[in-house]
Each structure stands twice: as structure tokens, then as C-alpha cells.
Amino acid sequence: MIRLAFRVRPADAETVLAELTELAPTGVEERDLGETIEYAVYGAEGELPSLPAVRALIGDALVDVVSEEVADDWADRWRQFHEPILIKDRLYVRPPWCPPYAETPAGDIATNDDVVASDVLELVVDPGQAFGTGAHATTRLCLELLVELADEAEAPADSRGPVLDLGSGSGVLAVAAAQLGWGPVHGVDHEEASVAATIENARVNGVAVTADRFDLLRQGASGMGALDDGRPPLVLANLLRPLLLRVAADGFTGTPPHALIGSGLLVHELDGVAAAFARLGLVEADRRTLGDWGGLLLRRA
Ligand SMILES: C[S@@+](CC[C@H](N)C(=O)[O-])C[C@H]1O[C@@H](n2cnc3c(N)ncnc32)[C@H](O)[C@@H]1O
């Protein structure tokens, strides 16, 4: 088994991750080395992306490439990067191979001794070949904003209204929204593996989420079959900046959203994306950062 690592400048990290995710859909390991961010993929020789292909995609951003032989335990090793997280003491996002919150030993990094275990919602997510263990900073930011929105919502938990998850990946955000009382919930993603993972993770968690394949870059959000039941949806969009700008430029069909939670953005990109959505009448109500990443809550003015 070979570990092939690409070190890039932090400023290029977002774009590089997007490109590498295309080349290595089974997943990319991320490490912050300080001056560089390292993205690593694992595979047998011949299965890994070729260096010319990588250079063609991210050549300008590359600072270093490191290739090393590693023990042949890919499946187990990969699991180390999928760790449970507790969001706002309310939502416990965990892989299927980790125990439920109530069975997790006190003092564990993902637990909080002050939390009543029976109040915690369990979200079991197996990303398969899709993005979205829940642990990535951008997903965490979206989950935090979503939990807060649920806490402040006046509507009863079973009638919070429709949600559209753009770039649903594993479906982690869509499933969380359904667990927190929104519905109907629909996810779109241009990857077939993401659509399958979204549907499967909804089934495993016992919530109703639909999903289909849709390319936001080629077709624009306005081309999407509207999730229109007459009520304005909440839009979740953990996408990269170019896609968010495309969505903002294109607008939505059907009843316009009342709010949008957006991430996948570096901190310095937040202003530009907020300004683009303000033109659609969705104005900044909150912003969060975690490390280099940022998230926005936009509301209809
Ligand atoms: C950063 S991941 C977010 C996944 C998940 N929603 C989460 O928060 O963890 C972005 C997702 O957008 C999807 N995506 C990228 N480009 C897309 C496009 N042109 N159209 C639709 N989905 C796209 C990717 O496949 C990926 O699943």
C-alpha cells in the first residue's frame, strides 16, 4: 500500500481538496502541517492518481509531493479519520463502528459530562465513497448553525418546513435536518456515490430524505426540480466558493428560500459570497469560523 501526499499552501487548500476529491473519490486524508496542508491518498500502485494528472490539476499549488510505503491496512487506517463529534451538546455524529453516545466512556474527547445522554440525537453516518463524516470544519459549522436554527424555530419540530441540501455528499446535513424536525428534505449531488450514500444514511437513521443527481455547475440551481410545497425552504450549501457564487448568480426556482446555511469557504471568501447572496435578498445574519474555514447563515431580508 502506498501513501501519496501532496503538500500545498493553506491559501490553495480549498481548491486542491475539491480537485483531489474528484481524482480520489474514496477519500483524502487532511493534515495541517503549519506552513502547508497535506492531503494524502492511499492505494496500490496503479490505483493512485498519476503525478502528471495531479500536476495538471493542482500544479501551481503544489509545494511538495511525498510518497511512502505503508502497512496494508487501509480500511482500518481510514477509520481513524472518522471520529465522533458532539455538536452543541445536542447532536452526536458518529461512524457505525463507534458506540452510541450513552455508551461512550465519560471523559472521552467527544463527550461532555454535563450532557444528559438521553437528550442527544444520534446521527450514524457512513460516508462510503462520499464526502461528509461530519468532522470536517465546514460540515461542523453547518451542523452548528442548523442546530441553533432548530433551537430558535417557533414552528413545532414536525413542521419546520422543507430543506434543500446542495452537494449532499454523505447526506450528513440532510439527515441532521430531518432528525431536527425539518421536512420534506431533499439532497442533490453530482456524484452518484453521494446520492446513494445520502439515501442509505437516511435509511439507517430512520428519517425521510430524498436525493437525486444534479450538477449545480452545469445546470445551475434554478434548473433544479423545485422542492416546492408552497413554503420557503431552508437551503444547506456546503459547497466551494465557485459553486456558491454560481448558485447566487442563478437564483432559485419556486418559492424562494427563507434562509441559507453556506460553507466550504475560506475565511477571506465569506464577504464576497455574502455579498453575492445579498443581491438575491438573502442577507448575512451570522458567521462562524473554525480554523481557516468559515460558514454563513443568511436570512431573507
Ligand atoms: C464539501 S462537500 C459537502 C458534503 C456534505 N454536505 C457535508 O457537509 O459534509 C461538497 C459536496 O458537493 C458536491 N459537489 C461538488 N460539485 C458539485 C456540482 N457541480 N454539483 C452538485 N454537487 C457538487 C460534492 O460531490 C460533495 O459531495
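Residues numbered from 1 in each chain as written. Predicted model: local features only at pLDDT ≥ 70, side-chain atom pairs only at ≥ 80, totals over all residues. Heavy atoms only, no water.

Caption draft 1: Structural detail: helix α1 (residues 13-23). Restricting attention to buried positions, one finds in α1 the residues Ala 13, Glu 14, Val 16, Leu 17 and Leu 20. Taken down its axis, α1 places every buried residue within 160° of arc, on the same side. (Buried < 20%, exposed > 50% of the residue type's maximum accessible area, 1.4 Å probe, protein only. Helix = DSSP H or I, 4+ residues; strand = E, 2+ residues; numbered from the N terminus. Arc of directions from axis to C-beta.)

Caption draft 2: Summary view of the domain arrangement of the protein. Under the domain assignment used here, the protein contains domain 1 (2-78) and domain 2 (132-300). Every contact between the two is made by seven residues of domain 1 and, on the other side, 11 residues of domain 2. Overall, the association of domain 1 and domain 2 removes approximately 660 Å² of surface from exposure, summing both partners, and the carbon and sulfur fraction of that is 52%. Interface area lost by domain 1 to domain 2 is led by Glu 14, Glu 22 and Glu 30, which between them contribute 61%. Across the domain 1-domain 2 interface, the total number found is one residue pair in polar contact (both at pLDDT 80 or more). (Domains from an automatic or database assignment. Contact = heavy atoms within 4.5 Å. Buried area = accessible area lost by both parts, 1.4 Å probe. Polar contact = N/O pair within 3.5 Å; in protein donor to acceptor, adjacent residues only side chain to side chain.)

Caption draft 3: Local environment of the pattern of salt bridges. Counted under the stated rule, the structure contains 20 salt bridges. We note a salt bridge from Glu 38 to Arg 3, for which the minimum N-O separation is 2.7 Å. A residue pair is termed long-range when its members are at least 10 positions apart, and Glu 38 in strand β3 (residues 37-43) and Arg 3 in strand β1 (residues 2-8) qualify at 35 residues. No difference in accessibility class separates Glu 38 from Arg 3, as the two residues are buried. For Arg 288, the salt bridge is made with Glu 148, and the minimal N-O distance between the two is 2.6 Å. Of this pair, Arg 288 sits in strand β13 (residues 282-290) while Glu 148 is found in helix α4 (residues 137-152), placing the two residues 140 residues apart along the sequence. We classify Arg 288 as buried; its relative accessible area is 18%. Salt bridges sharing partners connect three or more residues here, namely Arg 3, Arg 7, Glu 29, Arg 31, Glu 38 and Glu 68. (Salt bridge = Lys/Arg side-chain N within 4 Å of Asp/Glu carboxyl O.)

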